[in-house]
Amino acid sequence: MTFKLGSFFPKQPINEPPLDLNDPNWERLEGGYKGPSYDASIALRQLQGVSSLKQAKPIFDELWNNLHHQGDIGVASLYAVPHLVRIAKDKGLIDWNVLGLVTLIEVQRSKCNLTIPSKLKNEYEAAIGDLSVLSTSVLTQS
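Residues numbered from 1 in each chain as written. Predicted model: local features only at pLDDT ≥ 70, side-chain atom pairs only at ≥ 80, totals over all residues. Heavy atoms only, no water.

Chemist: Would you mind showing me how to read the packing of aromatic side chains here?
Modeler: By convention here, two paired aromatic rings are described through the distance between centres and the angle between planes. Counting across every chain of the model gives 2 aromatic pairs. Judged by centre distance (6.3 Å) and plane angle (75 degrees), the ring pair of Trp26 and Tyr79 falls under edge-to-face. With Trp26 in the segment before helix H1 (40-48) and Tyr79 in helix H3 (residues 75-91), this residue pair connects regions lying 53 residues apart in the sequence. A single burial state applies to Trp26 and to Tyr79, both of which are buried. Measuring from ring centre to ring centre gives 5.9 Å for Trp64 and Trp96, while their planes differ by 35 degrees; the resulting arrangement is tilted. Within this pair, whereas Trp64 is found in helix H2 (residues 53-67), its partner Trp96 is found in helix H4 (residues 96-112), the two being separated by 32 residues in sequence. Given a relative accessible area of 56%, Trp96 falls into the exposed group. (Phe/Tyr/Trp six-rings, centres within 6.5 Å; stacked < 30°, edge-to-face > 60°. Helix = DSSP H or I, 4+ residues; strand = E, 2+ residues; numbered from the N terminus. Buried < 20%, exposed > 50% of the residue type's maximum accessible area, 1.4 Å probe, protein only.)

In structure tokens form, the structure reads like this:
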């Protein structure tokens, strides 16, 4: 079973709460492949546990492959954005993977006119704002 925006909480279709990484509802979120669900929380929890970009590489590869596919993103992609940015800041895992993946999700979200769930909106928008700070930190490291 996959999660489509509005069917997550049938009594509150426009009021889905943000998900922490231990929430079992991640299993029901649709990823970049339309139809099948993708539990991004597993990869995001793994990402929290790494200490270097080298260790993070296979995890980033998985996230790239499952949160975006041929121009498609899903609700899991949106929910992953704040966690990706937070983990990158907290762990110092700031490279093209985080910057590119989050930017790609936001560009595709805008193109597809995918609505950000209302309870995720503030967190999501703050993460997009933090992305500019992360970008600047990468540029000043060069």
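Having seen it, we continue.
Chemist: For this particular structure, what's the right way to read unusual backbone geometry?
Modeler: With the exception of glycine, most residues fall at negative phi, and the peptide bonds are largely trans. In this structure, Gln70 takes a positive phi of about 45 degrees despite not being glycine. With respect to the helices, strands and loops of the structure, Gln70 is situated in the loop between H2 and H3. Judged by relative accessible area, Gln70 falls into the exposed class, the value being 70%. For Asn113, which is not glycine, the phi torsion reads 55 degrees and is therefore positive. Considering the arrangement of structural elements, one finds Asn113 in the loop between H4 and helix H5 (118-141).

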